Structures are given as structure tokens and as C-alpha cells.
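# Descriptive structure summary
Read off the chains here:
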Amino acid sequence: MREILEIMNIKAKNAHSLKLYFILFYLLFFVKFNSQEFISIETLKSIYPFKKYTLKTNELYGFDKTLDVYNFFISSDNILLVTLLPNLEGQSNWLPVKENEIRDKIMSISKLRDWIDTMPTGYKELSHRKLLDKAGGDYFISYNSLFELFSVKEYYNPLISQLGVLNKADKKVSIKNMYNVFEKTFPKKHFILDPRDDNRIRYLDDGYVFKNYLSKKFKIKNQNAYQFWTFDGWWAIDGYNVNRGIDRLIYMPNLGIVGGSYDFYFELKPRAMYDNVIPLPVDEEKLWDNIINEKIMIAEELK
């Protein structure tokens, strides 16, 4: 009898702790939500020329979701890529919000310009409920959005090794090429693009060159297209590897980034999604097949 009471007491304490945890979580979320500034997609459209594309997840990840990809042309060679990542717990990527919850919290044009102008090339930010849109008289906020800044170059310089630089004149290197070199150079270490190993230690003393490598050049509807991939690892075990961002992508002059893959987003199953029907995380073998074969989602508008 005593043992049963002790177990019940432990469960009661655990339930109490869990209740306190959720109260604290929602308090923290409430404070963050009510203190952050929102970025209006309409304001971005009014400042910068842009192109919008739609990506479908079916073939690459095995379930039906949609990503909206916005290219904002900050200058002749700088692109702010804003990706509206899919809501994995609902049907819409936009969530309704009351006007009084966002009033006076929308980032001004001047502050938005300053924020973008001070972004370093390769900047990446994953934001929850930050992007704002308006349809009719109703307001909506994004479920998750990814902000990335890319710089497009066209001259060969082997010293260019900065993430975020898309060098159209770079020498072509495929992921398979890099894999073979890596295996010979670091025979006792895990290939850092391979998500199948849980030992995700970042060896800072190794001579890795983290950058966006040019993989291939081809044509899409008789227009030049350049495919790039990101050489960076999977360092986080229990969180998003935002450092990878859109880790494979297709760039087209005058059109922007028209295709990509978001392995970091589908490699993780958030704790809140344990009862969700979407098969996450995506199987590591499937992810590795996508990576080593450089599979990518192409904009529906270009098919």
C-alpha cells in the first residue's frame, strides 16, 4: 500500500512539475510574441523587386506540403531569400492574428531597410510567427519563416570560401566528388553532410572550407541555371540545423533562386508534433539519398 502511495505521490509531483513547465513555456511565448516586431511581406514587396515561387515536398520528402519562396532583389547581386516553411501541424502556412495583437508592432520601412543593410552575406534566421501578411481586412502571421542573404558573383577566385556566395564562375564540384575527397583526407571521420551518424562533433581544427559549391550548369526552358550545394555539417542533435538553410539550390539570372531543399527542417520532429500524421523526421537513409544525389525541389512555375 505504501509503495502505491509513493508512486502516486511521485506521479502527482511530476504532473505538478509538468504543469509548471507548460505555464512557464506559454508565459515565455507570450512575452516573446508581444515584444517582437513583425515583418510585413507587403512592405518588403513595396521596397524591393521580387519573384515568388512555389515548391512541393511530395517527391523529395514523401508527404504533401507547400513552401512559398520569395526572392527580394536587394541589389544587382544580393538576394534576400524569404521562405515560408510549411505548417506541419495544420493545413495553412498562415495563422490568423487579431489586429490589436500586431498594431504598432510592425517594423517600419526605415528599420527594415537598416536590418537588411546590416545583414552579412550568409545570414540565416529561422523565425516563428514573424512574417506578417494582410488579406482584405484580416491579418495573418507565418507559421515558420526562414530569412537568408545570398550574394551572386561571376568570377573565379579560389579564395572565395564564404557561405552565402553563389559564384557562377566557380569550378564545378559535386557532393559525390567532395565525399570521395573527404573519405581520403579524413578516413577516420564522419562525412559531415551525412545525417546518419549521431556523432555530430564539429572539429574546428580541421581544414573544412564551408561554402556554397557550384555543382552543375544546365538549362531550364532555354535559360541558364546553376545548381549549388552547401558544405556544412549537422551539428545540432535536438534542434534545427539552421546553419544549413536551403542546403541545395538552383539559381537563375533575373529569376533568382527557383529551387531548393530544406533537409534541416524535415530532419527534426518537434516535440509538439508527436501525434502528428506527417512522417517526421524524414528517414535518414532517404535524406542521405537526396543529399548524395543532389535531389532538389523545382518551382512549380517552371515545370
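Residues numbered from 1 in each chain as written. Predicted model: local features only at pLDDT ≥ 70, side-chain atom pairs only at ≥ 80, totals over all residues. Heavy atoms only, no water.

### Structural notes on the confidence of the model for the chain
Model confidence for the chain is summarised by a mean pLDDT of 85, while 84% of its residues fall at 70 or above. In this model, residues 1-34 is a region of pLDDT below 50 whose contacts with residues beyond four sequence positions or in other chains number 7 contacts. (pLDDT = per-residue confidence, 0-100. Contact = heavy atoms within 4.5 Å.)

### Quick notes on the side chain of asparagine 167
Mapped onto the secondary structure, asparagine 167 falls in strand S10 (residues 165-167). Under the relative-accessibility criterion, asparagine 167 is labelled buried at 2%. A polar atom in the side chain of asparagine 167 sits 2.8 Å from the backbone oxygen of tyrosine 155. (Helix = DSSP H or I, 4+ residues; strand = E, 2+ residues; numbered from the N terminus. Buried < 20%, exposed > 50% of the residue type's maximum accessible area, 1.4 Å probe, protein only. Polar contact = N/O pair within 3.5 Å; in protein donor to acceptor, adjacent residues only side chain to side chain.)

### A word on the layout of surface pockets
Approximately 210 Å³ is the volume attributed to the second largest pocket. Lining the second largest pocket are Lys56, Asn58, Glu59, Leu60, Lys286, Asp289, Asn290, Lys295, Ile296, Met297, Ile298 and Lys303. Counting residues per element, the ones that place at least two in the lining of the second largest pocket are helix H3 (58-61), helix H8 (284-292) and strand S15 (297-298). Considering only residue class, the lining of the second largest pocket consists of 4 nonpolar, 2 polar and 6 charged. (1 Å grid on protein atoms, 1.4 Å probe; cavity = no way out; pocket = protein on both sides within 12 Å on 5 of 7 lines; lining within 4 Å. Points joined across faces, edges and corners; volume = space filled by probe spheres on them. Nonpolar A, V, L, I, M, F, W, Y, C, P; charged D, E, K, R; others polar.)

### Side note on the pairing of strand S6 (residues 124-128)
The alternating pattern of S6 places Glu125 and Ser127 on a buried face, while none of Lys124, Leu126 and His128, on the opposite face, is buried. As defined by bridge partners, S6 adjoins strand S9 (residues 144-153) across 5 bridges and the pair is classed as antiparallel. Note on S9: the bridge partner recorded for histidine 128 is asparagine 144. (Pairing = 2+ DSSP bridges.)

### Examining the environment of leucine 132
With respect to the helices, strands and loops of the structure, leucine 132 is situated in strand S7 (residues 131-135). What makes leucine 132 buried here is its relative accessible area of 2%. The sequence separation of leucine 132 and isoleucine 106 amounts to 26 residues, and the corresponding C-alpha distance is 8.3 Å. Setting aside anything within four residues of it in sequence, one finds leucine 132 in contact with Phe38, Ile39, Ser40, Ile41, Trp94, Val97, Ile102, Ile106, Tyr139, Phe140 and Ile141.

### Observations regarding the packing of helix H6 (residues 175-185) against H8
Interaxial distance between H6 and H8 falls to 8 Å at its minimum, and their mutual angle equals 105 degrees. It follows from the interaxial angle that H6 and H8 lie roughly perpendicular. Facing H6, whose interface residues are Ile175, Lys176 and Tyr179, H8 presents Trp288, Ile291 and Ile292. Of the residues assigned to the contact of H6 with H8, the class counts are 5 nonpolar, no polar and 1 charged. (Axes fitted to C-alpha atoms, helices over the stretch in contact; angles between N-to-C directions. Parallel < 35°, antiparallel > 145°, perpendicular 65-115°, else oblique.)

### Focus: the sheet that holds strand S5 (residues 94-97)
Pairing in this open sheet of 4 strands is mixed, and the strands run S1-S7-S8-S5 from one edge to the other. The open sheet has two free edges, formed respectively by strand S1 (39-40) and S5, since each of these has just one partner strand. Direction of pairing for S7 relative to strand S8 (residues 138-142): antiparallel, over a ladder of 4 bridges. Opposite leucine 132, over in S8, you have isoleucine 141 as the bridge partner.

### Here we look at the packing of aromatic side chains
Applying the stated rule across the entire model yields 20 aromatic pairs. Seen in terms of ring centroids, phenylalanine 182 and phenylalanine 191 are 5.1 Å apart; in terms of plane orientation they differ by 70 degrees. Their pairing is edge-to-face. We classify phenylalanine 182 as buried; its relative accessible area is 3%. Under the relative-accessibility criterion, phenylalanine 191 is labelled buried at 2%. Each member of the aromatic cluster is reached from another via a ring pair, and the members are Tyr61, Phe63, Tyr240, Phe264, Tyr265 and Phe266. Here the basic side chain of lysine 130 rests over the ring of phenylalanine 147, its NZ or CZ set 6.0 Å away from the ring centre. Taking the ring centre of tyrosine 213 as reference, the NZ or CZ of lysine 211 above it sits at 4.7 Å. (Phe/Tyr/Trp six-rings, centres within 6.5 Å; stacked < 30°, edge-to-face > 60°. Lys NZ or Arg CZ within 6 Å of the ring centre and 35° of its normal.)

### Things to note about the nonpolar core
Within soluble globular proteins, side chains that are nonpolar generally end up buried alongside one another. Counting 50 residues, the largest nonpolar core has Tyr251, Tyr262 and Phe266 as its most contacted members. In terms of residue count, the dominant contributor to this core is strand S13 (residues 248-252) (4 residues). In contact with tyrosine 251, other than residues within four places in its own chain, are Ile79, Val152, Leu166, Lys168, Asn224, Ala225, Tyr226, Phe228, Gly256 and Ile257. Formed by 20 residues, the second largest nonpolar core is a distinct cluster that contains Ile41, Val82, Trp115 and Tyr123. (Core = buried A, V, L, I, M, F, W, Y, C linked by side-chain atoms within 4.5 Å.)

### Here's the deal with the pattern of salt bridges
Overall, the coordinates contain 14 salt bridges when judged by the stated rule. A salt bridge links lysine 168 to glutamate 154, with the nearest nitrogen and oxygen atoms 3.3 Å apart. You can see lysine 168 sitting in the loop between S10 and H6 and its partner glutamate 154 sitting in the loop between S9 and S10, a full 14 residues away along the chain. Across the pair arginine 244 and aspartate 247 runs a salt bridge whose closest N-O atoms are separated by 3.4 Å. Overall, arginine 244 belongs to the buried group, its relative accessible area being 1%. (Salt bridge = Lys/Arg side-chain N within 4 Å of Asp/Glu carboxyl O.)

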